[in-house]
Amino acid sequence: MGYYKNIYKSWKNDHLKFWGKQAKAIAWGKKPKKILDDSNSPFYKWFPDGTLNTCYNAIDRHVLSGRGEQDAIIYDSPVTNTKKRITYSQLQYQVSQFAGALTKLGVIKGDRVIIYMPMIPEALVAMLACARIGAVHSVVFGGFASNELAVRIDDCKPKVIVSASCGHEPNRIIEYKPLLDKAIQIAKHQVKKCIIFQRGSLYAQLNSSQDLDWSEFIKDAFLAKPIEVDANDPLYILYTSGTTGKPKGVVRDNGGHAVSLKWSMNNIYDVQPGDVYWAASDIGWVVGHSYIVYAPLFHGCTTILFEGKPIGTPNAGTFWRIISEYKVKVLFTAPTALRAVKRDDPKGDFIKNFDITSLKSLFLAGERADPDTVLWLENKLKVPIIDHWWQTETGWPIAANPLGIEALPIKTGSPTLAMPGYDVQILSEEGIEVPRGTLGAISIKLPLPPGSLPTLWSADDRYIESYLSKFKNYYETGDAGYQDEDDYLYIMSRTDDVINVAGHRLSTGAMEETLSNHIDVAECAVVGVYDNLKGEVPLGLICLNNGCNKTHEVVCKEVVDLVRNEIGPVAAFKSVAVVSSLPKTRSGKILRATIRKIANKVDWEMPATVDNPLVFEEIKKALKPLGY
Ligand code: COA
Ligand code: AMP
């Protein structure tokens, strides 16, 4: 453990020297002389006097250094039967052209651009084009419905939205245009233009006053050069779920982001320029931002853009086919994806059909890596299976097994140790560090490292209130867990209303707000319950208003449809039961933790403060038909 320990210690002894050294790996316009400005804490600024361009670091510098003919992106789409390779030179051309067209439309540095697109190369082109001209992109996951898109439009007030005619799910085509139009109609903010990429599989009817066809839009556009921005200028906003229905707009800067992601590629993932790196996620999530788009490109790797699912497109061998076909060195995905593969192919027969010897490691994140799946993978793949832990807010791993520094002993169930940059401590309710082995709130001593969120978009107060107010001088991760005697971390649960459904971070609070909007719902509670494929799924309990004359079945179907239409299918909200009242403390707090335990069939005790103990019997009865 010597190498890791030394590096972690060198960071702890002098974090400015550490990050100053790592910053040298980035191409700056103006090299930062100052490493950290902490004069306005807790709003820290990394590399405050540096300037750079993120797109230049992701593309141009590699073309200049002779990687022009190397594949930057390999697009593999089993759902449309398409495979395509885009070299760094081609990507430079496409991105410069789209950036030129955006500029012609009036998009300038600091303007926001929402990108609501499926997993196609044009989505990456749009992201990188924004970075090239200093515009701030905000990618919205395709599985969110119009309402969620509208909330994001009103929060970040984009000048332009870039979208596509459709997305492909295995069982259906998702028409994006009606969803987009509805969102624009709901939103108060007025968008100047929408640019629509027409896919061969579906042609969207454009509205001549609002929409521009992508191919027309880029015709005759000049090739925009990368502009220099301040290290602390925002690169993107990515909305993520919190406790309430209003998503948090996590801001990412340019400088710290580039430095931290570049560092992570060598040191955590052990990949070198030229290697093929594959994050099987979606660009709508942070994993997609960091490890489909930016980090592999900063590092001169080839990134795989996969439009499909781990199973059913066409089968549980797809991941192994891709690894073998493109010689993938590192795969990064969510445990749920591999649980699905394991369920469909328990003996791993598909693996035998492919030469996957290029694969050197598999990284998992997004939810707890369950030991069953990890052991199965170890057995079948014979490469290190690395659990690592991070969040949208941090943008890169807080805890990992840094294979590029040293392969540390693996302890199944733990994402291993804190990475340099993160002073992780487990705190009690009172903010005091707890002894090893004791469960507590996982917290990070300020300042957070480069790449982590500097604030929330237009919401400095909410940033402080959500993350920094509970423990003075610490960032509260929202995760509960413990550290063992070797400092290994164990991430056990969330301390808030966030649940992880198939690796997707969702808010039960947001679902409750949606249910409450149903005319017949008087009260409700949504909790995350155990699911052997998706990790967790939401379960709702509703109480009906007096005078509701619909059957329970009808109301349940209506509220399921409501969540699907308002939040999106990705919420996977399918189970709901009607009860006459909800269990509450005498002060009126709904006892969600107990509901969760009942549904999960784990031991539970009658809370001493409950106002009506009989309600639990009714809940048990109501959950039975749902399989709980
Ligand atoms: N656009 C529109 N709809 C989408 C969508 C998108 N981009 N992504 C998902 N959906 C829909 C699905 O079609 C599905 O709809 P349905 O209820 O009509 O079937 C619903 O949202 C839930 O989708 P999903 O979570 O993908 O569940 P699934 O049952 O279709 O597949 C898994 C299960 C495990 C295979 C899948 O969830 C998976 O691959 N997960 C990995 C997720 C991941 O990579 N997360 C990133 C973190 S690293
Ligand atoms: P997201 O912001 O979508 O990346 O979700 C972050 C949350 O996912 C974390 O706060 C954890 O609750 C959970 N998570 C991510 N990685 C892991 C992991 N390796 N083990 C356990 N939980 C994880």
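What you see is a predicted model; the values in this text were computed from it and never measured.

**So, the overall build of the chain**
Helix and strand counts for the chain come out as 18 helices and 32 strands. In terms of C-alpha radius of gyration, the chain reaches 24 Å, essentially the compact-globule figure of 25 Å for 628 residues. Expressed along its principal axes, the backbone C-alpha trace of the chain runs to roughly 70 × 65 × 55 Å. Split into buried and exposed, the 628 residues of the chain put 61% on the buried side. With an accessible surface of roughly 24,800 Å², the chain has 50% of that area assigned to carbon and sulfur atoms.

**A short note on the site of ligand 2**
In the vicinity of ligand 2 there are 15 residues, among which His 388, Thr 392, Asp 479, Arg 494 and Arg 505 approach most closely. Separating a nitrogen atom of ligand 2 from a backbone N or O atom of His 388 is a distance of 2.7 Å. A total of 490 Å² of accessible area belongs to ligand 2 in isolation, and the protein chains cover 93% of it. Of the residues that constitute the shell around ligand 2, the class distribution is four nonpolar, five polar and six charged.

**What about the environment of His 257?**
Here His 257 shows up in helix α9 (residues 255-267). With 195 residues separating them along the chain, His 257 and Ser 452 place their C-alpha atoms 7.4 Å apart. What His 257 contacts, discounting residues up to four positions off in sequence, is Leu 235, Tyr 236, Arg 252, Tyr 294, Phe 298 and Gly 451.

**Things to note about the sheet that holds strand β6 (residues 82-87)**
One open sheet holds the seven strands; their spatial order is β6-β5-β18-β17-β19-β20-β21, and the pairing between them is mixed. Two strands bound the open sheet, and with one partner strand each, they are β6 and β21 (385-387). For this sheet, the mean inter-axis angle between neighbouring strands, taken without regard to orientation, is 20 degrees. By the bridge criterion, three bridges tie strand β20 (residues 361-364) to β21 in an arrangement that is parallel. The residue bridging Leu 362 from the neighbouring strand is Ile 385, located in β21.

**Considering the pattern of salt bridges**
Under the defined criterion, the tally for this structure stands at 34 salt bridges. Glu 429 serves as the salt-bridge partner of Lys 470, at 3.1 Å between the closest nitrogen and oxygen. Here the residue Lys 470 occupies a position in the loop between α14 (460-468) and β26 (474-483), and Glu 429 occupies one in the loop between β24 (424-427) and β25 (440-445), the gap between them amounting to 41 residues. Since its relative accessible area comes to 39%, Lys 470 is described here as partly exposed. Bridged by salt links that share partners, the residues Asp 76, Lys 83, Arg 321 and Glu 325 form one connected network.

Cut-offs applied
- Residues numbered from 1 in each chain as written.
- Chains lettered and ligands numbered in written order.
- Predicted model: local features only at pLDDT ≥ 70, side-chain atom pairs only at ≥ 80, totals over all residues.
- Heavy atoms only, no water.
- Helix = DSSP H or I, 4+ residues; strand = E, 2+ residues; numbered from the N terminus.
- Rg over C-alpha atoms; globule rule 2.2 N^0.38 Å.
- Buried < 20%, exposed > 50% of the residue type's maximum accessible area, 1.4 Å probe, protein only.
- Areas by Shrake-Rupley, 256 points an atom, 1.4 Å probe, with all protein chains shown as cover.
- Near = heavy atom within 4 Å.
- Polar contact = N/O pair within 3.5 Å; in protein donor to acceptor, adjacent residues only side chain to side chain.
- Nonpolar A, V, L, I, M, F, W, Y, C, P; charged D, E, K, R; others polar.
- Contact = heavy atoms within 4.5 Å.
- Pairing = 2+ DSSP bridges.
- Axes fitted to C-alpha atoms, helices over the stretch in contact; angles between N-to-C directions.
- Salt bridge = Lys/Arg side-chain N within 4 Å of Asp/Glu carboxyl O.

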